[in-house]
Amino acid sequence: MAEQKFTGTRSYIATDDLMMAVNAAVTLERPILIKGEPGTGKTQLAMEVAAALDRPLYEWHIKSTTKAQQGLYEYDAVARLRDSQLGDDRVHDIANYIVRGKIWEAFASDVQPVLLIDEIDKADIEFPNDLLQELDRMEFYVYETQELVRARHRPIIVITSNNEKELPDAFLRRCFFHYIKFPDKDTMAKIVDVHFPGLKKALLKESLDAFYRLRDVPGLKKKPSTSELLDWIKLLLAEDIPPEALRAEDSRKAVPPLYGALLKNEQDVHLFEQLVFMDRRSRTQ
Amino acid sequence: MLNSFFYLLREGGIRPSLSEWLTLLAALKSGVAGHSVDDFYYLARSALVKDETLFDRYDRIFAAYFRGADDAFRDLVRELPADWLERQAELELSDEERAQIEALGGFEKLMEALRERLEEQKDRHEGGSRWIGTAGTSPFGAYGYNPEGVRIGQAGSRHRSAVKVWDRREFRNLDDTVELGTRNIKLALRKLRKFAREGAADQLDLDDTIDKTARNAGLLDIRMVPERHNAVKVLLCLDVGGSMDDHVRVCEEMFSAARSEFKHLEYYYFHNFVYESLWKDNRRRHAERVPTNEITHKYGADYKLIFVGDATMSPYEIVYPGGSVEHWNEEAGAVWIQRLLATYPKAIWLNPEPRERWNFTPSIKLTRELMDDRMFPLTVSGLDEAIRALH
């Protein structure tokens, strides 16, 4: 297999440290854990890695009720019970009722796949511990059919976390770790550029200024993130808003237009309007 | 060769494990990293440091190691140069000498003078009677004696008479890993649980299944219900430092228990009394403060507010603007606590001081009045009472 390195893609700007972490994880076939503010492209990373290295992608999205076992397989006892009552012949083979989970699917892949375990912190505290053996040895045992499932190719595992719960040490020790920092203005300009090539310089500068000013407002429940900035610029373009309208010096229009795309929370919008109001009053005095 | 870097990291409090270290070596061997220090820096961070809050510490250790100054990292934790204020000698003064030291005018003048002198003075200082340092008779510094002195960098109160604590010593964050003795507290806190079924239906409802199956002429009809979760939300405000030093143990127990019991637990620290801002990290409490207004804005009225503090202080700290021992507060603590109570009607104060002493401390009486008598001792039985008051 030719040595492949992840260097970002045409639609994804990867910083040096991110590339290093991903390449180390790919080379050593260890999971990589990605943390960072919501909307900084954690989930996107797995898709981009799969696209860049040309691998199939399996996505496992975790919810608060997800159990580790569901990623391996599930035994659908209820279906079997129903079939037995209806006299279906399938009922005699238990293997008919073993439903494969995402990890099994990834293990069975013909080429080395990318497996995304998204928002692992949403699940129960014990969840990561239940997956230690599977992630380490890349194999698990199906008790119902007495079968050992082993990965044909160790998948590239990307795990994301929003830091809602602390992850156990034993789990962390097995992963590479990367924290996606909120991009600085230069990186952000590059990111915007790959999404909106040929965006007018003036609009880019003014929108970024307005965006970072808004992020600096203290007390926001949810600070706007990269994905919200991109949505907002899309709207600005669609509405054909001139860059001058975004300038803060213009006190009559200090609220950036279409700010509903950036602030997703009633209280935040309220707080922001209040601040603008106070600001205007202090200027007129 | 790199092994000493590993031990330096462990000593510096990052504690990578042996398996992580071996992973890093394997990665180096496989040639993932090029031959630049930057590559190594990123690779080692991603392999060894699994918590972004430790990145800063890692940076400093890394810098210290690769500058070849192995011991520079020992000063990591301190903000002020440690030896500048380190206690070298203690000054023992006789009573006459103490009497000779006159107070240097009013309070305001004292603070003004401190600010000026901090600016003038650049080096470490010890003894003498003017510069700020240790074991002297200047009104600024520690381990010395001046009846109106300002304390800087002293690990425990010696005379407890300093007018103002301008103390940048490290207030340790409460350790929530204390397990011993937390079980009783956990059991008490458990009474605060309020269960609600939420989320996906993933549990078999046996009674309903039997009922529906019978109605379905014996054909199975499976019924599911969502799991039950603890839906209680708690906002915990903890007093640290000063007179609370005596109660650290019981507060850590309380904090540990609360951390593991509640899914929605937010905590903030304060010193003696709540004012216009609180903080989350005692190591950076001077740099990172959260305005109290922001807290009431962020957490809804469904949160239950729990103060933990001994409420033992000078009554001025509660009722007068500018009474705080740490800073100049524009509005009195009483105003701030009333704002908090207006936002969170379900609130209690837990006091580690024994109940018998409450009546002899004016500030405790004041606080009790402000709390509408909802103050309870920080004992298991006191917690029981407190939880009932919260319902």
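Residues numbered from 1 in each chain as written. Chains lettered and ligands numbered in written order. Predicted model: local features only at pLDDT ≥ 70, side-chain atom pairs only at ≥ 80, totals over all residues.

When its secondary structure is counted, chain B shows 15 helices and 13 strands. Within chain B, the fraction of its 391 residues that count as buried is 30%. Residue pairs in contact within chain B that sit at least 24 positions apart in sequence constitute 62% of those at least 6 positions apart. (Helix = DSSP H or I, 4+ residues; strand = E, 2+ residues; numbered from the N terminus. Buried ≥ 20, exposed ≤ 12 C-beta atoms within 10 Å, placed from the backbone. Contact = placed C-beta atoms within 7 Å.)

Of the residues lining the interface, 27 residues belong to chain A; the matching set on chain B comes to 28 residues. Of all the secondary-structure elements, those providing two or more residues to the side of chain A that touches chain B are helix 1 (16-28), helix 4 (77-86), helix 8 (169-173), strand 9 (176-180) and helix 12 (266-284) of chain A. Tallied by class, residues from the side of chain A that touches chain B come to twelve nonpolar, eight polar and seven charged. (Nonpolar A, V, L, I, M, F, W, Y, C, P; charged D, E, K, R; others polar.)

Residues and elements named next belong to chain A. Relative to the helices and strands, Gly 39 is located in the loop between strand 1 (32-36) and helix 2 (42-53). Each C-alpha atom of the pair Gly 39 and Ser 225 lies 5.3 Å from the other, and the pair is 186 residues apart in sequence. If near-sequence neighbours (up to four positions away) are discounted, Gly 39 is found in contact with Ser 225, Thr 226, Ser 227 and Glu 228.

It is worth spelling out the sheet that holds strand 7 (residues 233-239) of chain B at this point. Residue and element names in this part refer to chain B. Here five strands make up an open sheet; going across it, the order is 8-7-11-12-13 and the pairing parallel. Of all strands in the sheet, those bounded by a partner on one side alone are strand 8 (264-270) and strand 13 (375-377). On average, adjacent strands in this sheet sit at an angle of 25° to one another, irrespective of strand direction. The pairing of strand 7 with strand 8 spans seven bridges and is parallel. Across the sheet, Asp 239 pairs through a bridge with Phe 270, a residue of strand 8. Sitting on the sheet, helix 15 (residues 380-390) is in contact with strand 11 (304-308), strand 12 (347-351) and strand 13, with an inclination near 170° to strand 12. (Pairing = 2+ DSSP bridges. Axes fitted to C-alpha atoms, helices over the stretch in contact; angles between N-to-C directions.)

With that settled, consider unusual backbone geometry. Phi is positive for Glu 119 of chain A, close to 55°, though the residue is something other than glycine. Turning to its location among the elements, Glu 119 of chain A is positioned in the loop between strand 5 (114-118) and helix 6 (127-130). The phi dihedral of Ala 311 of chain B falls on the positive side, at around 50°, and the residue is not glycine. On the secondary structure map, Ala 311 of chain B appears in the loop between strand 11 and helix 12 (316-319). Among the residues examined, Ala 311 of chain B registers 26 C-beta atoms within 10 Å and is labelled buried.

Another aspect to go through is the pairing of strand 5 of chain A. Residue and element names in this part refer to chain A. Of all five residues in strand 5, four are buried; the element is thus mostly enclosed. Summarising the sheet, strand 2 (residues 57-61) and strand 5 pair through five bridges and their orientation is parallel. Opposite Glu 59, over in strand 5, you have Leu 116 as the bridge partner.

Residue and element names in this part refer to chain B. Contact geometry of helix 2 (residues 18-29) with helix 3 (residues 37-48) gives a least axis separation of 9 Å together with a crossing angle of 145°. The hand of the helix 2/helix 3 crossing is right-handed. Of helix 3, the residues touching helix 2 (which contributes Glu 20, Thr 23, Leu 24 and Ala 27) are Leu 43, Ala 44, Ala 47 and Leu 48. A breakdown of the residues in the contact of helix 2 with helix 3 according to their chemical character gives six nonpolar, one polar and one charged. (Left-handed = near helix turned anticlockwise from the far one by under 90°.)

Moving on to helix 9 (residues 206-215) of chain B. Burial within helix 9 of chain B is sparse, with just zero of its ten residues counted as buried. Looking one or two residues beyond helix 9 of chain B, the residue adopting positive phi is Ala 217 of chain B, at roughly 60°.

On to the packing of helix 9 (residues 185-195) of chain A against helix 10 (residues 201-215) of chain A. Residues and elements named next belong to chain A. Between helix 9 and helix 10, the least distance of the axes is 11 Å, while the angle of their chain directions is 125°. Between helix 9 and helix 10, the interaxial angle falls into the category oblique. In this structure, the crossing between helix 9 and helix 10 has a hand that is right-handed. Of the residues in helix 10, those in contact with Lys 185, Met 188, Ala 189 and Val 192 of helix 9 are Leu 204, Leu 208 and Tyr 212. Per-class residue counts for the contact of helix 9 with helix 10 are six nonpolar, no polar and one charged. (Parallel < 35°, antiparallel > 145°, perpendicular 65-115°, else oblique.)

Residue and element names in this part refer to chain A. Strand order in the open sheet made by the five strands is 2-5-8-1-9, with parallel pairing throughout. This sheet does not close on itself; its edge strands, each paired only once, are strand 2 and strand 9. Strand-to-strand, the axes of this sheet are offset by a mean angle of 20°, without reference to chain direction. Relative to strand 8 (residues 156-161), strand 1 is paired through four bridges, and the arrangement is parallel. The partner of Lys 35 across the bridge, within strand 8, is Ser 161. On the sheet, helix 1 packs against strand 1, strand 8 and strand 9 and is oriented at approximately 155° with respect to strand 9.

In the predicted model, chain A carries a mean pLDDT of 83, and the fraction of residues at 70 or more is 92%. Helix 12 of chain A is the least confidently modelled element of chain A, averaging 72 in pLDDT, while strand 2 of chain A averages 94, the highest of any element. (pLDDT = per-residue confidence, 0-100.)

Note: α-helices contain 3.6 residues per turn, so residues at a spacing of three or four share the same orientation. Residue and element names in this part refer to chain A. With twelve residues, helix 2 ought to run about 16 Å at 1.5 Å a step, and its terminal C-alpha atoms sit 17 Å apart, in line with that. Those residues of helix 2 lying buried are Lys 42, Leu 45, Ala 46, Glu 48, Val 49 and Ala 50. Buried residues along helix 2 sit in contact with helix 1, strand 1, strand 2, strand 5, strand 8 and strand 9. Two residues or fewer after helix 2 comes Asp 54, characterised by a positive phi angle close to 60°. (Expected span 1.5 Å × (residues − 1).)

Time to look at the nonpolar core. Ranked by size, the top nonpolar core spans 61 residues in total, and within it Ile 32 and Val 158 of chain A together with Leu 43 of chain B carry the most contacts. Looking at this core, the element that brings in the most residues is helix 1 of chain A, giving seven residues. Contacts of Ile 32 of chain A, omitting those with residues within four sequence positions, involve Ala 21, Val 22, Ala 25, Val 158, Ile 159, Cys 175, Phe 176 and His 178 of chain A. One finds Cys 251, Ala 257, Ile 295 and Ala 386 of chain B within the second-largest nonpolar core, a separate group that totals 42 residues. (Core = buried A, V, L, I, M, F, W, Y, C linked by C-beta atoms within 7 Å.)

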